[in-house]
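Coordinate inspection notes
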Amino acid sequence: MDDLKNIQLSGYLRSDGRKGIRNIVVIAYLVECVHFVADEIASYFKRQPVHVIGFSGCYPNAHADKVMNALCTHPNVGAVLLLSLGCESFNKKRIIETIIDTNRPVTLITAQQAGGTKAVIKEGKQWVNEVLRQLEKQTKVPMSLNELVVGTICGGSDATSGITANPAVGRAFDKLVKAGFAVMFEETGEMIGLENHMAKRAVTKELGTVLYNAVVKAAKYYSIMGHGSFAPGNADGGLTTIEEKSMGAYSKGGHSPITGLLKPGDIPRHGGLYLLDVVPDGEPMFGFPNINDSAEISELMACGCHIILFTTGRGSIVGSAVSPVIKICANPETYGRMKDDMDINAGKILLNEATLEDIANEIIEKIVVVANGAATCSEELGHREFVLSYKRFEPAGPACLS
Amino acid sequence: MKSLHKNIIQLHEKDNVVVVVVTLQPGDTININGNGITISSSLGIGHKLALRDISKGEHILKYGIAIGRASEDIEAGMHVHTHNMKSDYIPTYTLN
């Protein structure tokens, strides 16, 4: 396998120096009331890179604000159509200024001013058509493979996840970190039982304490919720306890030292392995930390992830708006039933048809072709899920980033 | 990680459970510690079988670490799951 440091691609240069591997027009609804019109506009552009994201809530929320701002200025995003009803709390002045500052084409349509549903759809469609023509003319610049930020998540896990796909991602992560990539893993609720082990991997003692506390926070939070980060399907798939699921999940991060802790919307400043803390701070205010897998993907993307490595045992089918999802199937039986949705078959390890090392290399090869423009299975099938809920966070403290 | 048999894997030498790697049907036999065990109900990939006798209260070891405790006495070859094992942290909810 080529030295990863030397692999060159091309990407779309953004004003902050980051480069995108896609050039997407995002239609961002700033309250649920304009979600329908966002979808209607997007429906005219089904096979083109026009993705809908948004925040449903009418009440204000600093976390949602931070994530939406981060996603509208994500390296994979070329232009933004903001949709407002007119009376919602979302700070539309701030988000449009943030986007303007990045020299991206942006416009805001407010339904109550524009004249309602038909007017918004007509105006929105016209704007998207024009901006797509503009973006098509945009040239790419040289990009080093290790400028990519890669995140990982597991969903629909069963006991094979922790034996095949997750350790394979861990191995791939180890190689990526050595080549200078910034990579990240999350779901501290799935590190319960491993807080000491993880703290020892921190690059500073202070960070070790922060990582330890993040897991303790997660254990307390889920205990109050009454549910661990554990779905009935996990048990059907052979996982019995959260500690068991943790061991499997934890292996996705690999063995590199941990360089920092991020909160959603924090962008890593240099390469290394990062833990994304998705569990809110303080007493539970808004319910479960992440109501589904897509909510976790939104937060990984808000931290700058260009690509998501998604491992699954039972068979997740989701993709995502904004960043391509590479689906890695841990279970050979699941792969046999759902191969159209799976980019990589890590289940081969259980059949003695491949080693962890083989699958890790397949994952990296897939990252290269996807970064070069090849569609993942979920992109090809049209999946563009997006979920963003209310949360409350304290900012990441000084010990969090080295 | 070693294959004790083509149907099961022991992930770590300290483990007292093994993981099933092909779906097992009632009547299938596998070899655990020199004993032939006959499977009595179907077991999906990923489920655990006891590698040796485990007493109530004893830790279940997988990946070389404790993943919970036996909630009753378990015999070698028995299915180990929510009916005879529980978390040291948070209860497990299942589809019932």
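As a reminder, the structure under discussion sits directly above these lines.
Residues numbered from 1 in each chain as written. Chains lettered and ligands numbered in written order. Predicted model: local features only at pLDDT ≥ 70, side-chain atom pairs only at ≥ 80, totals over all residues. Heavy atoms only, no water.

Here we look at the sheet that holds strand β9 (residues 182-186) of chain A
Residue and element names in this part refer to chain A. So the rule is basically this: When DSSP finds two or more bridges between a pair of strands, those strands are recorded as paired. To qualify as a helix, a DSSP run of H or I must reach at least 4 residues; to qualify as a strand, a run of E must reach at least 2; elements of each kind are numbered from the N terminus.
Strand order in the open sheet formed by seven strands is β10-β11-β9-β8-β12-β13-β14, and the pairing between neighbours is parallel. Lying at the two open borders of the sheet, with one neighbouring strand each, are β10 (258-262) and β14 (344-345). As judged from the two bridges shared by strand β13 (residues 325-329) and β14, these two strands associate in the parallel manner. Residue pairing across strands places C329 opposite N345, the latter belonging to β14.

Side note on the interface of chain A and chain B
Filter applied, for reference: Between two residues, a contact is recorded if the distance between any of their heavy atoms is within 4.5 Å. The term buried area denotes the loss of accessible surface (1.4 Å probe radius) that occurs when two parts are joined, taken as the sum for both partners. Salt-bridge detection follows one rule: a side-chain nitrogen of Lys or Arg within 4 Å of a carboxyl oxygen of Asp or Glu.
Contact residues are listed per partner, giving 31 residues for chain A and 29 residues for chain B. At the boundary of chain A with chain B, total buried surface from both sides reaches about 2,500 Å², with 64% on carbon and sulfur atoms. Taken as a group, A:I163, A:T240 and A:E243 account for 23% of the area that chain A buries against chain B, more than any other trio of residues on that side. The interface formed by chain A and chain B includes two salt bridges. A salt bridge links B:K48 to A:E244; the shortest N-O distance between them is 2.9 Å.

Observations regarding the side chain of A:D277
All names here are of chain A. Going by this rule: Identification of polar contacts relies on pairs of N or O atoms within 3.5 Å, with a donor-acceptor requirement for protein atoms, meaning one able to donate a hydrogen and the other able to accept it, and with residues adjacent in sequence counted only if both atoms are side-chain atoms.
Note that D277 resides in the loop between β11 (272-276) and α11 (293-302). One polar contact links D277 to K217, side chain to side chain, over a distance of 2.8 Å. Within the structure, the side chain of D277 is placed 3.2 Å from the backbone nitrogen of V279, a separation counted as a polar contact. Every residue in contact with D277, bar those within four places of it in the chain, is listed here: T188, A214, K217, L261, L262, K263, P264 and F393.

What about the packing of helix α1 (residues 35-43) of chain A against helix α5 (residues 117-136) of chain A?
Residue and element names in this part refer to chain A. Basically, it comes down to this: Comment: axis = line fitted to C-alpha atoms, over the contacting stretch for helices; angle = value between 0 and 180 degrees taken between N-to-C directions. Reported orientations rely on four angle classes, namely roughly parallel under 35 degrees, roughly antiparallel over 145, roughly perpendicular from 65 to 115, and oblique for the rest. The hand of a helix crossing depends on one turn: near helix anticlockwise from the far one by less than a right angle means left-handed, and clockwise means right-handed. Each residue receives one of three labels: charged for Asp, Glu, Lys and Arg, nonpolar for Ala, Val, Leu, Ile, Met, Phe, Trp, Tyr, Cys and Pro, and polar for the others, Gly being one of them.
At a minimum axis separation of 9 Å, α1 and α5 run at an interaxial angle of 40°. When the interaxial angle is binned, α1 and α5 end up oblique. Crossing of α1 over α5 shows right-handed handedness. In contact with F36, V37, E40 and I41 of α1, α5 contributes T117, V120, I121, G124, K125 and V128. Of the residues assigned to the contact of α1 with α5, the class counts are six nonpolar, two polar and two charged.

What to know about the nonpolar core
All names here are of chain A. Cut-off, in case you're wondering: Throughout this description, the term nonpolar core refers to a set of buried Ala, Val, Leu, Ile, Met, Phe, Trp, Tyr and Cys residues connected via side-chain atoms within 4.5 Å. For the exposure calls, accessible area comes from a 1.4 Å probe over protein chains only, and a residue counts as buried if that area is under 20% of its type's maximum, exposed if over 50%, partly exposed in between.
Core analysis: the largest hydrophobic core is formed by 65 residues, its most contacted members being L148, L309 and I363. At eight residues, the largest contribution of residues to this core is made by helix α13 (residues 356-371). Those residues in contact with L309, other than ones at most four positions away along the chain, are V150, G151, T152, I153, V169, F173, I326, I328, I363 and I367. A28, C72, L276 and I297 belong to the second-largest nonpolar core, a separate cluster that totals 46 residues.

Some remarks on unusual backbone geometry
Residues and elements named next belong to chain A. One non-glycine residue, E187, adopts positive backbone phi at about 70°. On the secondary structure map, E187 appears in the loop between β9 and α7 (195-199). Here E187 falls in the buried class, since its relative accessible area comes to 1%. One non-glycine residue, N352, adopts positive backbone phi at about 60°. You can see N352 is positioned in the loop between β14 and α13.

Here we look at the pairing of β9(A)
Residues and elements named next belong to chain A. Rule in force here: Orient the strands so they point away from the viewer, and a crossover whose first-strand-to-second-strand path over the helix runs clockwise is right-handed.
Of all the five residues making up β9, five are buried; the element is thus mostly covered by neighbouring parts of the structure. Across three bridges, the pairing between strand β8 (residues 149-154) and β9 is parallel. Pairing of G151 across the sheet is with M184, part of β9. In this fold, the crossover linking β8 to β9 by way of helix α6 (residues 165-178) has right-handed handedness. Sheet analysis places β9 next to β11, joined by five bridges and oriented parallel. Bridged to E186 within β11 is L276.

Quick word on the sheet that holds strand β5 (residues 77-84) of chain A
Residues and elements named next belong to chain A. A sheet is described by the order of its strands in space; here four strands give the open sequence β4-β3-β5-β6, paired in parallel fashion. Each of the sheet's edge strands pairs with one partner strand only, and the pair in question is β4 (50-54) and β6 (106-110). Averaged over all neighbouring strand pairs, the angle between strand axes comes to 20°, with direction disregarded. With five bridges joining them, strand β3 (residues 24-29) and β4 adopt parallel strand pairing. When the bridges of β4 are listed, A28 appears paired with I53.

Quick notes on the pattern of salt bridges
Residues and elements named next belong to chain A. Throughout the structure, instances matching the rule amount to 21 salt bridges over all chains. Here E379 and R22 are joined by a salt bridge, their closest N and O atoms 2.9 Å apart. Highlighted residues: E379 in helix α14 (residues 377-381) and R22 in the loop between β2 (19-20) and β3, separated in sequence by 357 residues. With relative accessibility at 27%, the residue E379 sits in the partly exposed group. Under the relative-accessibility criterion, R22 is labelled buried at 11%. For K391, the salt bridge identified is with E299, shortest N-O distance 2.8 Å. Note that K391 is positioned in the segment after α14 and E299 in helix α11, a separation of 92 residues in sequence. Judged by its relative accessible area of 3%, K391 falls in the buried class. Relative accessible area serves as the criterion here: at 2%, E299 is assigned to the buried category.

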